[in-house]
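# Structural description and commentary
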Amino acid sequence: MFIAMNRFRVNPERVEEFEKLWLERETHLQGLPGFVEFHMLRGPAEEDHVLYASHTIWRSRADFEAWTHSEAFRAAHANAGQSRREGLYLGPPKFEGFEVIQTISETDHA
């Protein structure tokens with residue numbers, strides 16, 4: 001399993017705009033080979049930003065990488081550089097990719 005994560009530092013005055021943007025967008029993820037699920041997370045608020053993280057879970061790194069070269073990826077990111085978003089983010093998103101080495105679920109027995 002592979003987790004692809006992006007962290008966003010968002011202008012605290014534009015949190016509602018950021019959340020609306022993400023909640024109303026088309027993800028183009030459903031039905032893609034290897035896609036498992038997506039989460040958008042709201043983290044702590046600092047003086048100058050609110051931290052958000054998105055992460056997708058994929059069956060494998062290869063499935064994730066195939067998505068990044070797909071038409072679905074281009075469609076999902078088509079408006080990423082729009083000027084109306086200027087000042088929404090404090091810097092570019094920070095990508096982090098993780099190979100899952102252990103999973104424990106509520107159905108696992110001790």
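Sequence order as written defines the numbering, with residues in each chain counted from 1. Reporting of local features is limited, given that this is a predicted model, to residues whose pLDDT is at least 70; pairs of side-chain atoms are given and counted only at 80 or more, and all residues count toward the totals for whole chains, interfaces and linings. Each side-chain value is worked out from all heavy atoms of the structure, with water and hydrogens disregarded.

Labelled according to an unreviewed UniProt entry, the protein chain appears under the name Heme-degrading monooxygenase HmoA, originating from Kushneria avicenniae.

## Some points on the pattern of salt bridges
Condition: Salt bridges are identified by distance alone: a Lys or Arg side-chain nitrogen within 4 Å of an Asp or Glu carboxyl oxygen. Accessibility here uses a 1.4 Å probe with only protein chains present; expressed as a share of the type maximum, an area under 20% marks a residue as buried, one over 50% as exposed, and anything in between as partly exposed. Secondary structure elements follow DSSP: runs of H or I no shorter than four residues count as helices, runs of E no shorter than two count as strands, and numbering proceeds from the N terminus.
Inspection of every chain in the model, using the stated rule, returns six salt bridges. Notably, a salt bridge pairs R14 with E17, separated by 2.8 Å at the nearest N-O pair. A relative accessible area of 30% means that E17 is categorised as partly exposed. Notably, a salt bridge pairs K20 with E24, separated by 3.6 Å at the nearest N-O pair. Of this pair, K20 and E24 both sit in helix α1 (residues 15-24), four residues apart, which is roughly one turn of that helix. Judged by its relative accessible area of 57%, E24 is exposed.

## Examining the pairing of strand β1 (residues 2-10)
For the record, the criterion: DSSP bridges decide pairing: two strands pair if at least two such bridges lie between them.
Sheet topology note: the β1/strand β3 (residues 50-58) ladder contains nine bridges and is antiparallel. Paired with M5 across the two strands is H55, which belongs to β3. Examined bridge by bridge, β1 and strand β4 (residues 94-99) share six bridges and lie antiparallel to one another. Pairing of N6 across the sheet is with F95, part of β4.

## Some thoughts on the side chain of S70
Rule in force here: In protein, a polar contact requires one atom able to donate a hydrogen and another able to accept it; more generally it is a pair of N or O atoms within 3.5 Å, and residues adjacent in sequence count only if both atoms are side-chain atoms.
In this fold, S70 is placed in the loop between α2 (61-68) and α3 (71-76). Judged by its relative accessible area of 17%, S70 falls in the buried class. Side-chain polar atoms of S70 contact the backbone oxygen of W67, separated by 2.7 Å.

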